[in-house]
Amino acid sequence: VKDICNELEVRSLCHKILQNVSMLLHADRGSLFLVQGERGGGCTPLPPGGKLPRGRCLVSKLFDVCSRSTLTEMEKKDEIRIPWGTGIVGYVAESGEPVNIPDAYQ
């Protein structure tokens, strides 16, 4: 709590929360995805200068955060877009059920 209580910038706050949650859960890494788009329709890449795509997507705001990562490193990473219901992240978003993978490298 002391690590995050004075943080006012949202992106930095999210990074610190993700680092602390990962440590509390003994997780090697953590990521934050936000829902973007409307229900129904497919997820399409966001064209440069274009409007938001139709259909729900999960968009990485912080990806692969570990205890040693810095916000500057995280901000250099490209955004990842995952269609709703696809893969582990999509399943968690769609079902609302947490998933714990003891050894994600397997």
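This structure is a prediction, so every number in the text was calculated from the model and none was measured. The numbering scheme is per chain: residues are counted from 1 as the chain's sequence reads. Per-residue local features are limited, in this predicted model, to residues with pLDDT of at least 70; the limit for side-chain atom pairs, both in listing and counting, is 80 or more; totals at the level of whole chains, interfaces and linings are taken over all residues. The basis for every side-chain value is the complete set of heavy atoms in the structure, and neither hydrogens nor water enter the calculation.

> Explain the overall build of the chain to me, using residue names and the numbers behind them.
For the purposes of this entry, the term helix denotes a DSSP run of H or I that reaches at least four residues, the term strand denotes a run of E that reaches at least two, and both are numbered from the N terminus. Across its full length, the chain carries three helices and three strands. Here the term buried applies to any residue with accessible area under 20% of the maximum for its type, exposed to any over 50%, and partly exposed to those in between, with areas from a 1.4 Å probe on protein chains only. A total of 106 residues make up the chain; the buried ones form 22% of that total. When checking whether two residues touch, look at their non-hydrogen atoms; a contact exists if any pair is within 4.5 Å. Partitioning the contacts of the chain with sequence separation of at least 6, the portion at a separation of at least 24 is 49%. When the accessible surface of the chain is summed, it comes to about 7,700 Å², and 57% of that surface belongs to carbon and sulfur atoms. A 1.4 Å probe and the Shrake-Rupley method give the accessible areas. Residues count as covered only by the protein chains that appear here.

> How would you sum up the nonpolar core? Please name residues and give values.
Leu-18, Leu-62, Val-65, Leu-71 and Met-74 together form the largest nonpolar core, which totals five residues. Those elements that place two or more of their residues in this core are strand S2 (57–65) and helix H2 (71–76). The residues contacting Met-74, other than those within four sequence positions of it, are Arg-11, His-15, Leu-62, Phe-63, Asp-64, Val-65 and Ser-69. Within this scheme, the nonpolar core is defined by two criteria: the residues are buried Ala, Val, Leu, Ile, Met, Phe, Trp, Tyr or Cys, and they are joined through side-chain atoms within 4.5 Å.

> Mind laying out unusual backbone geometry, listing which residues take part and the relevant values?
Despite not being glycine, His-26 shows a phi value in the positive range, around 55°. Even without glycine at this site, Asp-64 takes up a positive phi of about 65°.

> Which residues make up the side chain of Arg-81, and what are the values?
Following the sequence through the fold, Arg-81 ends up in strand S3 (residues 81–83). Identification of polar contacts relies on pairs of N or O atoms within 3.5 Å, with a donor-acceptor requirement for protein atoms, meaning one able to donate a hydrogen and the other able to accept it, and with residues adjacent in sequence counted only if both atoms are side-chain atoms. Only 2.8 Å separates the side chain of Arg-81 from the side chain of Gln-36, close enough to count as a polar contact.

> Please give an account of the sheet that holds S3 that cites residues and values.
Here we have three strands laid out as an open sheet, ordered S1-S2-S3, and antiparallel in their pairing. Lying at the two open borders of the sheet, with one neighbouring strand each, are strand S1 (30–36) and S3. Sheet twist, expressed as the mean angle between neighbouring strand axes with direction ignored, is 30°. Sheet topology places S2 next to S3; three bridges connect them, and they run antiparallel. When the bridges of S3 are listed, Cys-57 appears paired with Pro-83. At least two DSSP bridges between two strands are required for those strands to pair. To obtain each axis, a line is fitted to C-alpha atoms, and for helices this fit is confined to the stretch in contact; angles are then taken between N-to-C directions over 0 to 180 degrees.

> Let's hear about the confidence of the model for the chain: which residues, and what values?
Per residue, pLDDT measures the predictor's confidence, with a range of 0 to 100. With 82% of its residues at a pLDDT of 70 or more, the chain has an overall mean of 81. When mean pLDDT is taken per element in the chain, helix H3 (residues 87–95) scores highest with 90 and helix H1 (residues 10–24) scores lowest with 86.

> Explain the side chain of Gln-36 to me, using residue names and the numbers behind them.
By secondary structure assignment, the location of Gln-36 is in strand S1. Residue Gln-36 is classed as buried on the basis of its relative accessible area, which comes to 18%.

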